[in-house]
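Next come the chains, spelled out residue by residue.
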Amino acid sequence: MRFATWNVNSVKARLPRLLEWLDTTKPDVLCLQETKVAEDGFPTAEVGELGYDVAAYGQGRWNGVALLSRVGLDEVRKGFAGEPGYPDPEARAISAVAGGIRFYSIYVPNGRTPDDPHYTYKLSWLSALRAALAAEIDAGPLVVAGDFNVAPTDDDVWDPKVFIGSTHVTPPEREALSEIRGIGLRDIVARPMKGDHPFTYWDYRAGMFHKNLGMRIDLVYATGSVADRVTDAVVDREARKGKGPSDHAPIVVDLDG
DNA sequence: ATGCCCTTTACGAAAGGA
């Protein structure tokens, strides 16, 4: 089984690239973030022609998550129990069972700056996610994948000095991720196609991608029942090249069986 | 070369991203 996660930064703007990527990479399950469309605007028919079922959760202009699967999609849930909003609910989490695994596609709030109310919201959201996951960690195999908007360690940013005083690297954010792992989830670290750091995001500006100045903020957390089956995990930086890419690259994970 | 910000709504410009 092959699954993947990808922040596409608008599924409409990325549709030609998404379809080409699906056709060549052929994941069984794909977790999408920042789709930026309401459910009725999702290109369900287009991905359906490639054999994928869709579960989408969107609100239009911002956010938006989805799951694509060609091995079934059951027990779809939009959001999670106790999920905070700002103050209204935002489309940042969707989960469903596919191929015997419950997959979460999540888009963690950005936080903006450490003194911004959105930062408090980010920490609350991560805490609520941990609680929701803890309640079902024993229910079966689980994968939580997506844009966590946190670089777990200083090795996960291209220059830690640049990020002093910024979000994505603060101790409370990193502790929130550690607490999520603490309920029984393992970080499936992908191998980079280039360099020593499996970065998944590179700013569009200033040739950051071409200098490989990125961040590892897209993550795959999985229960041991899934992690023990991993045969390969890679950041597909090919998908970040060329004309009209997302600013994030997909992570592709292969499982035995 | 992989190449120097993008997407949304809305029709100009502002917001958000990380």
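Naming follows an unreviewed UniProt entry, where chain A appears as Exodeoxyribonuclease III of Paractinoplanes lichenicola. Annotation of chain A in UniProt includes, under Sequence similarities (unreviewed entry), the sentence "Belongs to the DNA repair enzymes AP/ExoA family." Among the UniProt annotations of chain A, the heading Cofactor (unreviewed entry) holds the following wording: "Mg(2+)".

### Topic: the nonpolar core
Counting residues in hydrophobic clusters, the biggest one holds 33 residues, and the most contacted among them are F3, F103, V143 and V220. Those residues in contact with V143 that sit more than four places away from it in its chain are F3, I101, R102, F103, Y104, V220, Y221, A222 and V226. F80, A128, A132 and L177 belong to the second-largest nonpolar core, a separate cluster that totals 24 residues.

### Here we look at the sheet that holds strand β3 (residues 53-57)
For sheets, the rule is that strands pair by backbone hydrogen bonds, running either parallel or antiparallel. In spatial order, the strands read β3-β4-β2-β1-β12-β11; together these six strands make up an open sheet with mixed pairing. This sheet does not close on itself; its edge strands, each paired only once, are β3 and β11 (230-235). For this sheet the average axis-to-axis angle between neighbouring strands, irrespective of direction, equals 10 degrees. The pairing of strand β1 (residues 2-7) with strand β12 (residues 251-255) spans four bridges and is antiparallel. Bridging across to β12, A4 finds its partner in V252.

Conventions and cut-offs
- Residues numbered from 1 in each chain as written.
- Chains lettered and ligands numbered in written order.
- Predicted model: local features only at pLDDT ≥ 70, side-chain atom pairs only at ≥ 80, totals over all residues.
- Heavy atoms only, no water.
- UniProt positions renumbered as here; feature names shortened; annotations may be inferred.
- Core = buried A, V, L, I, M, F, W, Y, C linked by side-chain atoms within 4.5 Å.
- Buried < 20%, exposed > 50% of the residue type's maximum accessible area, 1.4 Å probe, protein only.
- Contact = heavy atoms within 4.5 Å.
- Pairing = 2+ DSSP bridges.
- Helix = DSSP H or I, 4+ residues; strand = E, 2+ residues; numbered from the N terminus.
- Axes fitted to C-alpha atoms, helices over the stretch in contact; angles between N-to-C directions.

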